[in-house]
Structures are given as structure tokens and as C-alpha cells.
Amino acid sequence: MSAPVSLTVNGRTVTLATASAARLSEALRHELGLTGTKIGCDAGDCGACTVLLDGRQVCACLVPVGQAAGRSVVTVEGLDDQGLRAAFLRHGAAQCGICTPGMLMAASDLLRRVPRPDEQQIEAALSGVLCRCTGYRKIVAAVLDARRASPAGDVETKAMGARRPRIDGLAKVEGREAFGADAVPKDALWLRAIRSPHHHARFEIGAWTPPAGVVRVLTARDVPGRNGFGIYPDIKDQPVLAEGVARYRGEPVLALLGERAALRAVDESAIPIRWTPLPHLHDPAAASAPGAALLHADRPGNLLTEGKLARGDAEAALAAAVHRAAVEIETGFVEHAYIEPEAGWAVRRGDRIEVTVSTQTPYMDRDEVAGVLGIAPEQVRIVPSACGGGFGGKLDQSVQPLIAIAAWLTKMPVAWVYDRPESMAATTKRHPARIQARMGCDADGRLVGFAFEGTFNTGAYASWGPTVAGRVPVHAAGPYRVPAASARARAIFTHLAPAGAFRGFGVPQAAIAHEMLIDDLALASGIDRLEFRRRNALRPDDLTVTGQALGPSAGLVACLNALEPHWRAALERARPGRGVGIGCMVYGIGNTAMSNPSTMRIGLAADGRLTLYSGAVDIGQGSNTVLAQIAAEALGVPADRIRLVAGDTDLTADAGKTSASRQTFVSGKACELAARDLRARLARLANASPEARIALGAGIAVEEGGRRTALDLGHLAPDRNGDALAGEGRFDPPTEPLDANGQGAPYASYAFAAQMAEVAVDRDLGTVKVLRMVAAHDVGRAVNPTLVEGQIEGGIAQGLGLALMEEWWPGQADNLHDYLIPTVGDVPPIETVLIESPEPLGPFGAKGVGEPGLVPTAPAILGAVRHATGVRPKRVPLTPARLRALIAGRSS
Amino acid sequence: MAAYARPTSLREALAALAEGPAVPLAGGTDLYPARVGRPPPERVLDLSAVAELRGVTQDADSIRIGAAVTWTELIESGLPDWCRALADAAGEIGGPQIQNRGTLAGNVCNASPAADGVPCLLALDARIEIDGRRTLPIAEFVLGSRRTALAAGEIVSAILLPKPRQAARSAFLKLGARKYLVISIAMVAGAVELAEDGSVAAARIAVGACGPVAQRLPALERRLVGGRLDPDLVRAEDFAALAPIDDMRGSAVYRRDAAMTLVRRLIGKLRDPG
């Protein structure tokens, strides 16, 4: 043992028992309980653990405890800079909040030395902290603004349309927010999975006496219920622990339980697992070829599923077209790279199990945990922790089944936090796609036909593959009027990590293809690219490719009109090496042709306290805040009156998943209905109409027509939440199933957007710098414009990554220095124009924005690169090497 | 030696190492990332407090950069202009957190093919000081990917930069797929000494991440000497000895092509430092 180390932490002298060679981050979190310092990678790649060491920003994961001896450490908990915190709140600089402590500490290092920094200095100072949510611009703006005195009355009191700071923001900027790894019980056992090192292998586990500190070893035989889970009720194909065959590198085969340090010290090579590597299939073309070995016996051709659409005679229309274009494009695996790896802990209480976990989908978790334990769903309680980024990746099971099983069997709390390599190797990715598509137009540039064939590599298990295959054909033709279209999307099993849900469900890949075709046809017909899109844009009451008549909320033309002056100016600036591109999109809000209801409750206690019981999980996008604003608007009370209880399956109703850009639209509507229900109940007590005003101040009163009725709810028996009165609202967006030709009304609402990118290309090196983005989005109604902009800017950052740098190479990029996501220096200034074309079905006209922010970005950037260089990508991301090869006329 | 030792003198450090193998540590920016999810090494020799390894000093012949000097300390040490390659490289290593912790000596000892420090040191004709008593030219110190001439029980104590005898300039260019926090796809560094008439008296041009170890381009250097700094003097055959690989960051063909572009620009930058 090394000698104890004394140092100053947040101004207090402390003596650490943690080993001197251990990471300072370990001591801060596990010995001192300072969990505001976050662990994103343990490798100095993400900066989430940034603290000040003698006033300088360092990654606490790279500092040995011994080197902190006698020095001063400041963590986010000890940050003495209320101005900086306030600026973060004001600007919406914290979304999920997992990078926020690191950003704050990096910024404070700068502000101590440079009180009035400029933008370049801020970017350089923040450059070591990765953020996956915000797109960085609001963080830079907050630091620029940190020394501005916060003016009185800065916060708007109105509800709808107000730039309110997020309801859960203070905890995020103070480092108090508890993410999946932050509130683990002291007495918890820890879990470590042993995973397949092979893409495909048979294995046998021999007898093994684990070292001291490892108290139990779990195999597939220990799963009490069904050893399988999956998104779809009829596809539970993914085992909790593999049984004899591992189908991808990273698949868990064994779980060890014990003390955290003992588990870390276990040498995997000492565990007697006899592996017999088997041939693996990585390429969907090979996997779907006749005679290919099957991953799953019940899936001939390794075909998971196939989505189809046929409207009119696409081939005849294409044959008759005046101008025709064709593309072939391939995209790679994209990793969610949320800065918070998967984490949670479970505890058994009698015949119930409680799982606290970072998740996007508490009710699905509940059902899956029940399934693997072989118990009723009501015996499972899911308590979502704060979620440090999801983007679809936390719509799948990760830690949940195993920690629940382990806690169930041992009757001890069991915790599990993925490390970064594990998170990257084992969890879902965006589907790699191979797309061939054709489009044709008439002499006036009006689209006449479209054909699309997409193959999606779905990895070893189904996950969300069927959702991707279902959503893609509906969206494949883009936001345009196309009288004749055919589309097919197939999801093929391979021996790779499962591809699952990722912001856009396959639509971002398809959008790259349709926007390349649109540019081709605009070029061929000699029509300006923006004008060509406007000419073909879906308008209110138009029919979509599924034959659905759009309602009034279809604002693409308004989006394009908003871009037009920027577009014209950018065209003026264009020259070889500098280009401008445009991307458009339509996105169906909610599940595809499937029921996806949400139920919300609002309670009023006798003392006037209002509580929103929301099962919708806020993963950083801001639904907690947006739903509270909607509730306040519908109740007619100030937004700060709403208290929130969120996520817990014992306390809230099922609001469905935080996916498909649905929470504002679906849960927002349910929230509005719940508020109206409560308002009507109150009004009834006062013999007033449902529109009567609710006054909450000194007591509860109902006011109408100059008449004020004070109400004493004290005589009403409080319900189990302590509320005297409660309102409930349920909303299930009306959809119609799709027929065999993909015709029907799959969504109740559609979002539209157009984005424009300006880029500079270094044609000798193949590097691209995105100079500026302008994003025009039809969001129906912006409930909170700051949060809406945050979604768009964050989506653009991810779209930029998809276009230019992000590609996960199986087994080679399980970290955040080989897998590159954009840094603060890569995301350009973004100008957002919000178009409000009210959605009649949505809450106060709102629809969704979570995924639309990302979809048009890559097409706009790739179009701009093409404009600057004349080359069209064949493979995305368009890395410097690939772009240079295209420019030099080589094949990449 | 204990599990963790943090000696304050080189003598103590060498004595600790003489007791048995230990993993040397300065900034921890390579040690910890290589051990994600695993415990720290059984024995760690923390060199950060060794007095002889601290500070940037100089005498008549050379600048001595202590092995525990961080990138930030290097930037803030006020290096003369002829060391600009090194200062520029320091400012592009990782982000501020890495620059505040990592060391040039650690970068060299880690011997990654993509180590940004190595081509700079080749260009600056640096020598590696070992145990405070002997030195090796950088080219004889880094032997291969993750391989150096450091023997068991030895410690790199400093890096020595010989002072040029006439007007000199150096420059560094890095190519990565994003702005910050990026491992180089390729990088180049160059140093030239200029005669009174402005002609090139000496030239050293090095390319990194295009083979197991960064390499100088002797044919090009010879061509530059005696003439002007002219980017057009760069020829494809100057890069023949490089051995770049295909990996996720780029193809071998691309690396070779990019290295040539970078070297052309480097010569332009040496000509017009701006």
C-alpha cells in the first residue's frame, strides 16, 4: 500500500486512502463522493472528468493520486463562478449535462486567466471536452457571455414559446445531477462481463475457481426467465448471456460479481473458456447470398425483414422521364458516442426488483427485465437516472437484464458501468447502408418517378432493424411530390454488433441518396438547386408517397424561402474550393403505422402544489421543460409552478419511448389533455366552465366572468401521491396501417426542414471545413425556442460527423480517439430559422424536432463539397483520404 | 520498490528502478489510456518530481528540455523562434488537458508512429539524454513502432536541442480529420539554416505517421541545400522510402500523397514564416 496522500479539494484539506497510482478521478468519485466529475472514457479523450489542478485544467482520469499530493484540486462542486453557471442556464449550454462539469471547469481555467476571452480563445480552451448533444455553439456563447451581469427579469414568465431555462438545469450546472453511475449504493456488488473476442465462435466454459473478491459467476444457465430480449414482442433473439455460440465480437458470455477492484484485477486469459472460432459474415451481400450460413435458423437468407413501398409504375415513369439520375452510396457504422456510457444498478426488494438505469425507455425496460427474470412486469420498477445522452442507443437493453438477474439471485444491490471500449464494442450502432436509387423529372424539373433499393447491415440481432426497414421506404423519396415510386429496404444479419436505433432510423442514410439525386436532376435540367426543391416540395394537402394526404402543417416551402437569401449570398461567394449545398427532409413523428400512446397525469395538492407525473424520459433534449411549459400553458398558470416527477414506472404512467421525435408531439398532447382535464375538474368544483381561470397564490381559486371562487381541497381525500385532485390525458396519434404496397397513413404529423452548408475544401489534402450552416425547420410551434435550437444545432453536429468523419471499424475503434466525433472546432456558426406551421393535432401546434435536426445536414455538406470540387461521394463518411481519392480520380 | 514511488532526484529514481522493473510515469497520458478498465501497473515510478527532469534551460550549445516538462510548459517557456516547429506541435497535441499533463519526452518514449514530437526532433537534430550521463541522436533512439533504445533501468532525463550556428527557422504541419484532439494522419516538420545570402545552408525535413518511425527525406534535403526554399523542388521520389500503411485514418496512397503536399507547404512556410 502506498502512503496516504494529502491535498486540498475544493478548498478543504483531505487525506486519501486510494492508492497513489490510481486515477485521481477514482478517488474523487469513489472515496470523496464527488460524482460531479464524470467518467466518459478514462483515456483523456473526452474531457468529462476535467478538474483544475493548481488552477490548470486536467483530465482527472490521467492524474495519479500521488501527483496531487500537496496540491489544490477544484471540481465542479467547488467551482466558484455563479456567472458562468447562470450563462450556461441562460443559453441552454447544458443539454444532457454529462459534459457540463468538464466544460465548466475548462471554461473557468480560461476565465481566470482571460476575463474577456474571444471566440477563438474559448474554442481552444474548450477543445479538450467533447459534447455530443449541443453542437457546442451555445456553450461557446455562454462562455462569451459569462461575465455579463444577469439582468433582472431575464427569465420569461410566460409558458408557451418562452426561452425558459430548463427545469432540471440547475442540478446539471452544479454537478449534482445523478447519472447512471452516480448514486450507486455503497454496499453494491459490481458486475463485469466477459465478452467474446471473436466475431463468431463456439465456446465451452470450463470449471474455474475465481480469485478472491469475485463472489459469483453467472452463465446463461443462471438466467431465471427467458434468455432473450428484443424490441419486438415476437423477436426476443438476443441472449442475456450467449449459449454456446457468440455471434459478434463483444457479445457477453459470462458475468462476474464481486468487489470492484477485484473484478478489475481478473485476468481474462485465466478464465477457462475454450473458443472455437467460426467463419464470420460481415458483408450483407455475402450474408444474403444463396447458401450463406445462417446466423439464426429461423431467418432464411439472413433476412431479418424487408420494408416495401410501391406507388404507381415507377419504372415506366423513370423510362419516360426527360432527365434521369442514379446513385450508389454506401455508409458505415456510426456510434452514438454519448459521453455517458451505459450504467445502472439494481436492488431486490422482496418479490420485486428495482432497476435504476440510464435509459430512454423505462416501460420497455420493465417488460424486458420481467421477461428475463420470469416475473410479472408489475414486479419490476424502473427508475431512470439522469441520462447522459441517448440518441437511440439507450433504447436497447444494456446493463438492465444482467444487473436485474444478479440482484435477484444474490439479493444484493448490483451495479454495472460500461467502460468506453465495452460501450463501443458491444452496443448498437447506426445501420451501415448500401443504397442504389434512381430519380427522374420532366422538362420543367418536376419529379415523375423514383426507385430505391437499400440494404442495411443489421448485425447479429434484430434490435430496431425492423423499425429501420419500415421507416426507410416511407421516407426514401424525401420531402417531394413523386407520383410514382418504388422502394425496398432489407435488413440483413451479419456477425457484427447489432445495428439499432440511432437518431433518424435509417432516414439520414436515405436522405444522402435522395438529395444527391435532386442535385443531379437540378444540374441536368439547368435549374437552381433550391428552386428545384421548391418546385417539387410537398405542400399542405399534397399526397405523400404512401398516398397520405398531408394536413395543413407542411412548411417546407417556407423553410426554403427562409434559406433563399442566404443561399443567393453563398452562391455569390462560391468559387473552386468553396461551395454551398442544400439538404431537405421530411420526418414522420412517432412510430411508423403503429400505436404509440402516451399517458400523462397532473396532480394538485390541497396546498396548491402542482405536480406533473411524466413517464417521458428527458435524455437532454428538454422534454421535462417542454412538458412543464405545455402543462402550465394549458392550466393557465406560470410555468415555474409545475413540479416534476419523471420516469419512475411506479409513479408515472407509460409515456412510450423517447424516440422518433415523439415526446413533444405525443406526450406533449397527452400533457395538454391532462392539464385540461384537471382544469375542468377544478372548474366543476366551482360551477365554472372548463375555460375558467385557475388562480394559484394564497390558496386555490377559480375565476370566471369577474367571479372568484376560493376552493378548499382539504376535504378531498388525497390520493397515493398526496394530491387532492388529478387530471389525466392520453394521446395516441391517429395512424393507418400500411398495406402490402406501403400505402396508408403511417404518421399523424410530419416535420420538414431545409438546411444549407457552406464549406471550404482543401483539394490537395481532401479536408473539408464547414464554414457555416443555416437551418430552417418547420417545428409546428416552438414551445421553447432555445431548446429547439439546441436540438437542431446538436443534430447538425452529428450530421456533420456522419458526413465527414464518423465511422466505427469493428474491433479497431473502440475508443474516442480512433472513433472521431466533431470537436468544438469542427462545428461552424449555425443560424436557425424556426418556421411555425401549426400542427392541428399537436399541443398548441407543436410537432417534433429531435431527429429532423440531423437528417438534412450530411446531404447539405456533401452537396457543398460537390459544388466546391465537382466530385460526388460513393462512400460516407467522406474522409480526407476518400475525398482526395475522388478529386485525384483514384478509386478510394 | 513500493507500488508507487515519486522520487525527487535522478539518483533516487535510478536507485528505485535498479530494485526492479517499474512503469515510468510523467503525465500519465499514455499509461492510463492503455489500461482502461484495468488496475494501474503493479509498480509505478512517477518521474514528475525529479528535479533534474524539470525545466527548460540552455547553455552556449544547446537548449535542454527536462524530461518531465509538459507541452504547456514548453509553450510557455519562451522557446526561440528556430524551435517554432516544436512549439507549434505542442499546441496541436490533444487538447489543453493533454498539453497540461503530457511531456515531449513521454511522447518520444511511447514511440508511436504518429508521435507528433518525433519529426520535430528529427528536424531540430535533437539528442536524447539518458540517465543524465549519455546522449543519443533522436534517430538512434526511436527504433521502431513502440520501440526505443532505452535499456531496462534507464530513464530519459532530457531532450537536447543543439543551437544552430546561423539564422535558422523551423515549422510543423499536422494533418488530421478534425480540428482538435486528433491523431495525425500524417505530419511534417522541417528546420533550415540560412546563409547570409538567404540560401539554404542546412535542411532537415521529416515526415511522421508514414511508417513505423518518422523519417527524414535526405534526397530532398540535399536538393534544398545551396539553393532557395522552393516548394517545387519536392519530388515524388523523395518519399519512396516511406512505408505508410492503410488504416482507418487513411490509405497508404493517400498518406504518401498528403505527405508530399504537406512538405511542399512546409517549405513554403519555412520560406515565408508569416
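Residues numbered from 1 in each chain as written. Chains lettered and ligands numbered in written order. Predicted model: local features only at pLDDT ≥ 70, side-chain atom pairs only at ≥ 80, totals over all residues. Heavy atoms only, no water.

J.: Let's hear about the overall build of chain B: which residues, and what values?
T.: Secondary structure summary: chain B contains 9 helices and 14 strands in total. Its C-alpha atoms give chain B a radius of gyration of 19 Å, within 12% of the compact-globule value 19 Å for 274 residues. Taking the principal axes of its C-alpha atoms as reference, chain B extends roughly 60 × 45 × 30 Å. Counting every position in chain B, which comprises 274 residues, the buried fraction comes to 57%. Across chain B, the fraction of contacts at a sequence separation of at least 24, relative to all contacts at a separation of at least 6, is 61%. As presented, chain B carries roughly 10,600 Å² of accessible surface, and 51% of it is formed by carbon and sulfur atoms. Of note, chain B has its 33 positive side-chain charges centred 3 Å away from the centre of its 31 negative side-chain charges. (Helix = DSSP H or I, 4+ residues; strand = E, 2+ residues; numbered from the N terminus. Rg over C-alpha atoms; globule rule 2.2 N^0.38 Å. Buried < 20%, exposed > 50% of the residue type's maximum accessible area, 1.4 Å probe, protein only. Contact = heavy atoms within 4.5 Å. Areas by Shrake-Rupley, 256 points an atom, 1.4 Å probe, with all protein chains shown as cover. Lys, Arg positive; Asp, Glu negative; His and termini not counted. Charge placed at Lys NZ, Arg CZ, Asp CG, Glu CD.)

J.: Residues and numbers for the pattern of salt bridges, please.
T.: Scanning the entire structure with this criterion turns up 80 salt bridges over all chains. For A:D762, the salt bridge identified is with B:R265, shortest N-O distance 2.6 Å. Here A:D762, found in strand β31 (residues 750–762), pairs with B:R265, found in helix α9 (residues 252–271), and the two come from separate chains. Each of A:D283, A:E330, A:R434, A:E807, A:R875 and A:R882 takes part in a single network of salt bridges with overlapping partners. (Salt bridge = Lys/Arg side-chain N within 4 Å of Asp/Glu carboxyl O.)

J.: Please give an account of empty space enclosed by the protein that cites residues and values.
T.: Residue and element names in this part refer to chain A. Following the criterion strictly, the structure yields 12 cavities of 30 Å³ or more and no others. The calculated volume of the largest cavity comes to roughly 500 Å³. Counting residues per element, the ones that place at least two in the lining of the largest cavity are α17 (623–635), α18 (663–685) and α19 (785–804). Per element, the largest residue contribution to the lining of the largest cavity is 3 residues, and it comes from α19. (1 Å grid on protein atoms, 1.4 Å probe; cavity = no way out; pocket = protein on both sides within 12 Å on 5 of 7 lines; lining within 4 Å. Points joined across faces, edges and corners; volume = space filled by probe spheres on them.)

J.: Report on the interface of chain B and chain A, specifying residues and quantitative values.
T.: At the interface, 48 residues of chain B touch 56 residues of chain A. When the two sides are added together, the surface that chain B and chain A hide from each other amounts to roughly 4,100 Å², 60% of it contributed by carbon and sulfur. The largest contributions to the chain B side of the interface with chain A come from B:Q97, B:R178 and B:M248, which together make up 18% of the buried area. At the boundary of chain B with chain A, the tally comes to 5 salt bridges. In this structure, A:R884 engages B:D257 in a salt bridge whose closest nitrogen and oxygen atoms are separated by 2.6 Å. Inspection of the chain B/chain A interface yields 18 residue pairs in polar contact (both at pLDDT 80 or more). (Buried area = accessible area lost by both parts, 1.4 Å probe. Polar contact = N/O pair within 3.5 Å; in protein donor to acceptor, adjacent residues only side chain to side chain.)

J.: For the side chain of A:N227, give the residues involved together with the corresponding values.
T.: Residues and elements named next belong to chain A. On the secondary structure map, N227 appears in the loop between β8 (214–218) and β9 (245–246). In this structure N227 comes out as buried when scored by relative accessible area, which is 17%. In terms of polar contacts, N227 uses its side chain to reach the backbone amide nitrogen of V240, at 2.7 Å. Within polar-contact distance, the side chain of N227 engages the backbone oxygen of L241 at 2.9 Å.

J.: If you had to explain unusual backbone geometry to someone new, which residues and values would you point to?
T.: Backbone geometry follows two general trends: most residues other than glycine have a negative phi, and most peptide bonds adopt the trans configuration. Residue and element names in this part refer to chain A. Between V876 and the following residue, P877, the backbone shows a cis peptide bond with an omega angle of 10°. Here P877 lies in the loop between β34 (875–876) and α21 (880–887). For A593, which is not a glycine, the phi torsion comes out positive at approximately 50°. Along the chain, the position of A593 falls in the loop between β23 (578–588) and β24 (598–604). On the basis of relative accessible area, A593 is assigned to the partly exposed category, the value being 21%.

J.: Outline the nonpolar core, listing residues and values.
T.: Grouped together as the largest cluster of nonpolar side chains are 230 residues, with contacts concentrated most on A:F88, A:F450 and A:I861. A per-element tally of this core places helix α14 (residues 507–525) of chain A first, with 10 residues. Once residues within four sequence positions are removed from consideration, A:F450 is found in contact with A:A314, A:L318, A:A437, A:R438, A:M439, A:A476, A:A477, A:V482, A:A484, A:A485, A:S486 and A:L517. With 84 residues, the next largest nonpolar core counts A:C49, B:L86, B:A111 and B:M187 among its residues. (Core = buried A, V, L, I, M, F, W, Y, C linked by side-chain atoms within 4.5 Å.)

J.: Any details on the sheet that holds β23(A)? Residues and values, ideally.
T.: Sheet strands associate in pairs through backbone hydrogen bonding, adopting either a parallel or an antiparallel arrangement. All names here are of chain A. The 4 strands are arranged β23-β31-β32-β33 in an open sheet whose pairing can be described as mixed. The outermost strands of the open sheet, each flanked by one partner alone, are β23 and β33 (830–835). Neighbour-to-neighbour, the strand axes of this sheet turn through a mean angle of 20°, independent of strand direction. Here β23 runs beside β31; their pairing, made up of 11 bridges, is antiparallel. Pairing of Y587 across the sheet is with A751, part of β31. Of the strands in this sheet, β23, β31, β32 (767–778) and β33 are in contact with helix α16 (residues 556–573), which crosses β31 at around 10°. (Pairing = 2+ DSSP bridges. Axes fitted to C-alpha atoms, helices over the stretch in contact; angles between N-to-C directions.)

J.: Talk me through the pairing of strand β16 (residues 352–357) of chain A; I want residue IDs and the actual numbers.
T.: Residue and element names in this part refer to chain A. Counting buried residues in β16 gives 5 out of 6 residues, a clear majority hidden from the surface. Where strand β15 (residues 343–349) folds back on β16, the antiparallel hairpin that results is connected by 2 residues, among which G350 adopts a positive phi of roughly 60°. Where β16 lies against strand β17 (residues 380–384), 5 bridges are found, and the strand directions are parallel. By the bridge assignment for β17, I353 is matched with V380. Between the parallel pair β16 and β17, the chain is carried across by helix α10 (residues 362–373), and the sense of this crossover is right-handed. (Right-handed = clockwise from strand over helix to strand, strands pointing away.)

J.: Account for α18(A), with residues named and values stated.
T.: Helix length check: α18(A), at 23 residues, gives a terminal C-alpha distance of 31 Å against a target of 33 Å (1.5 Å per residue), a fit within 8%. Looking one or two residues beyond α18(A), the residue adopting positive phi is A:N687, at roughly 55°. (Expected span 1.5 Å × (residues − 1).)

J.: An account of the state of the cysteines is requested, with residue identities and associated values reported.
T.: All names here are of chain A. Across all of its chains, the model carries 0 disulfides over all chains by this definition. For the unlinked cysteine C46, the closest cysteine sulfur is that of C41, found at 3.8 Å. Classification of C46 by relative accessible area gives buried; the value is 1%. Here C584 stays unpaired: no disulfide links it, and the sulfur of C559, its closest cysteine neighbor, is 8.0 Å away. (Disulfide = S-S within 2.5 Å.)

J.: Residue-level account of the packing of α10(A) against helix α11 (residues 400–410) of chain A, with values.
T.: Residues and elements named next belong to chain A. The geometry of α10 relative to α11 is characterised by a closest axis approach of 9 Å and an angle of 50° between their N-to-C directions. With respect to their mutual orientation, α10 and α11 come out oblique. Of the two possible hands of crossing, α10 and α11 adopt the one that is right-handed. Where α10 abuts α11, its residues D365, V369, V372 and L373 lie against Q400, P401, A404, I405 and W408. Of the residues contributing to the contact of α10 with α11, the split by class is 7 nonpolar, 1 polar and 1 charged. (Parallel < 35°, antiparallel > 145°, perpendicular 65-115°, else oblique. Left-handed = near helix turned anticlockwise from the far one by under 90°. Nonpolar A, V, L, I, M, F, W, Y, C, P; charged D, E, K, R; others polar.)

J.: Which residues make up the packing of aromatic side chains, and what values go with them?
T.: All names here are of chain A. Considering all chains together, one arrives at 8 aromatic pairs over all chains under this definition. Relative to W808, the ring of F333 has its centre 5.2 Å away and its plane inclined at 90°; by these criteria the two rings are edge-to-face. Of this pair, F333 sits in the loop between β13 (323–331) and β14 (334–335) while W808 is found in the loop between α19 and β33, placing the two residues 475 residues apart along the sequence. Per residue, the accessibility class of F333 equals that of W808, and both read buried. Cation over ring: R260 sits above W190, and NZ or CZ is 5.2 Å from the ring centre. Sitting above the plane of the W808 ring, K429 keeps its charged end 4.6 Å from the centroid. (Phe/Tyr/Trp six-rings, centres within 6.5 Å; stacked < 30°, edge-to-face > 60°. Lys NZ or Arg CZ within 6 Å of the ring centre and 35° of its normal.)

J.: Would you mind going over the side chain of B:R64 in detail, with residue names and values included?
T.: All names here are of chain B. Note that R64 resides in strand β5 (residues 62–66). Among the polar contacts made by the side chain of R64, one reaches the main-chain carbonyl oxygen of E52 at a distance of 3.1 Å. The residues touching R64, leaving out its near neighbours within four places in the chain, are E52, G55, V56, T57, E129, S157, A158, I159 and L160.

J.: Account for the sheet that holds strand β2 (residues 23–25) of chain B, naming residues and giving values.
T.: All names here are of chain B. What the 3 strands build is an open sheet, ordered β1-β3-β2; its pairing is parallel. Of all the strands in the sheet, the pair left with one neighbour each is β1 (4–5) and β2. Direction of pairing for β2 relative to strand β3 (residues 44–46): parallel, over a ladder of 3 bridges. In the sheet register, V23 faces β3, and the bridge partner there is V44.

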